[in-house]
Amino acid sequence: MGLETQVQNPFIVTRMDEVINWGRKYSMWPLPFGTACCAIEFMGVVSGRFDISRFGAELVRFSPRQADLLLVMGTVCQKQAPVLKQIYDQMPNPKWVLSMGACASSGGFYDNYSVVQGIDELIPVDVYVAGCPPRPENVLGAVMKIMEKIDRERVAEWR
Amino acid sequence: MDEASITARITARFSERLLGTYTFRGQHAVTVGAGDLRAVLTWLRDEPDLQFDWLMDLAGVDYQGYDLEDDERAWRFEVVYQLYSLKHNHRFRVKVAVHEENPEVPSVWDLWGVANWMEREVWDLYGVRFSGHPNLRRILCHDEFVGHALRKDYPINKRQKFERPSEVILCDKVEWA
């Protein structure tokens, strides 16, 4: 009665990239680098109403060794910059970076002695999310953008 | 005791050593020199009818470029002590004059232990040294930070980059009095 009765042939043919990218994009393990109020908004993203687990990215890891999606949420100060760099370096490839909110993306309104003017001074960023803080829908939209990006990746290019 | 009466008590006791007394919207304050600071604060803490047993806050101020017409300060910095008495439910403010050539003030961490970190913050951001402090290291900025960020002559958006994480010392390793 199930799906198996509809499938006559147990084999399919596809490209390697398609299978691996399909697996990767629906099982991203996020590492929350939450330094300010955007991290509070992230709780909304994870919780039931918005529910990032619909995109397979609900398994929040607090070790960079186990994560492949770095969520930088909040103001990053100069004192913290080497820490963020170190955490990014500790993540195994392949990895993606989501910069959430005005502060992480550009320093926000903190144009002063202590705040990094956007985390792209330190690490490569895949998707920027505007807002102060962004709505949870914006974050989910950014996760979908990263999924699209994963879809275009060639596995052989990760080295 | 209301603040005017406290001012009167201090003036009676330390009249010749006060640099000034101020009133602003019912709040009173006295200014003292660095040499008299510990005598005044110890007296405020220990006098039975004053008993300022809580140092609520300790902050630095940089008056460079301050352009109030009646401002006659001969010094650039001040350190401000906000005192409160849990016993008597009254407050008072003491300021100490700090000159730019020798920005040094005696530490009061042995009078109020809470002053330890507050004095480190003022040192970090204003460069006022607290003599006798057991552990005068930076507390907010990176330990390789050069200069003092909240001084008025520090460029407002001069950012310093650091290659390694700031040293973390979890315990001050201080022998408490």
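All values derive from a computational prediction rather than experimental measurement.

Asker: I keep staring at helix α3 (residues 115–126) of chain B and nothing clicks. Help me out?
Answerer: Two residues of an α-helix separated by three or four positions point the same way, owing to the 3.6 residues in each turn. Residue and element names in this part refer to chain B. Along its twelve residues, α3 runs 16 Å from first to last C-alpha, staying within 8% of the 16 Å computed at 1.5 Å per residue. In terms of burial, α3 is largely enclosed, as nine of its twelve residues are buried. When α3 is considered as a whole, its buried residues turn out to be A115, N116, M118, E119, R120, V122, D124, L125 and Y126. The inward-facing, buried residues of α3 abut β3 (54–62), β4 (77–85), β6 (104–106) and β7 (129–131). Downstream of α3 by a residue or two, G127 has a phi angle that is positive, lying close to 75°.

Asker: Is there a simple way to think about the pattern of salt bridges in this case?
Answerer: Once the charged atoms of two side chains with opposite charge are near each other, the side chains can pair. Throughout the structure, instances matching the rule amount to 21 salt bridges over all chains. For A:E18, the salt bridge is made with A:R15, and the minimal N-O distance between the two is 3.0 Å. A:E18 sits in the partly exposed class, given a relative accessible area of 39%. The shortest N-O distance in the salt bridge between A:E121 and B:K161 comes to 3.4 Å. Here B:K161 lies in the segment after β7 and A:E121 lies in the loop between α5 (101–106) and β4 (127–129), a pairing that spans two chains. Owing to a relative accessible area of 42%, A:E121 belongs among the partly exposed residues under this scheme.

Asker: Looking at this model, I keep getting lost on the side chain of B:H90. Mind explaining?
Answerer: All names here are of chain B. Looking at the element boundaries, H90 is found in strand β5 (residues 90–98). Judged by relative accessible area, which is 4%, H90 ranks as buried. Aside from chain neighbours lying at most four places away, what touches H90 is M1, I6, D49, L50, F52, L83, Y84 and S85.

Asker: Where do I start with the sheet that holds β4(B) in this structure?
Answerer: What links the strands of a sheet is backbone hydrogen bonding, and the strands pair in either a parallel or an antiparallel sense. Residues and elements named next belong to chain B. Taken together, the five strands give an open sheet; going across it, the order is β1-β2-β5-β4-β3, and neighbouring strands pair in mixed fashion. The two strands at the open ends of the sheet, each matched to only one other strand, are β1 (18–24) and β3. With direction set aside, neighbouring strand axes in the sheet form an average angle of 20°. Both β4 and β5 contribute to a ladder of nine bridges, which runs antiparallel. Each bridged residue has a counterpart across the sheet, and for Y81 the counterpart in β5 is V94. Here helix α1 (residues 3–14) sits on the sheet in contact with β1, β2 (27–32) and β5, set at roughly 45° to β5. Lying on the sheet, α3 is in contact with β3 and β4; it crosses β3 at an angle near 5°.

Cut-off values and rules
- Residues numbered from 1 in each chain as written.
- Chains lettered and ligands numbered in written order.
- Predicted model: local features only at pLDDT ≥ 70, side-chain atom pairs only at ≥ 80, totals over all residues.
- Heavy atoms only, no water.
- Helix = DSSP H or I, 4+ residues; strand = E, 2+ residues; numbered from the N terminus.
- Expected span 1.5 Å × (residues − 1).
- Buried < 20%, exposed > 50% of the residue type's maximum accessible area, 1.4 Å probe, protein only.
- Contact = heavy atoms within 4.5 Å.
- Salt bridge = Lys/Arg side-chain N within 4 Å of Asp/Glu carboxyl O.
- Pairing = 2+ DSSP bridges.
- Axes fitted to C-alpha atoms, helices over the stretch in contact; angles between N-to-C directions.

Honestly, that's just the spatial picture; any functional story needs more than this.
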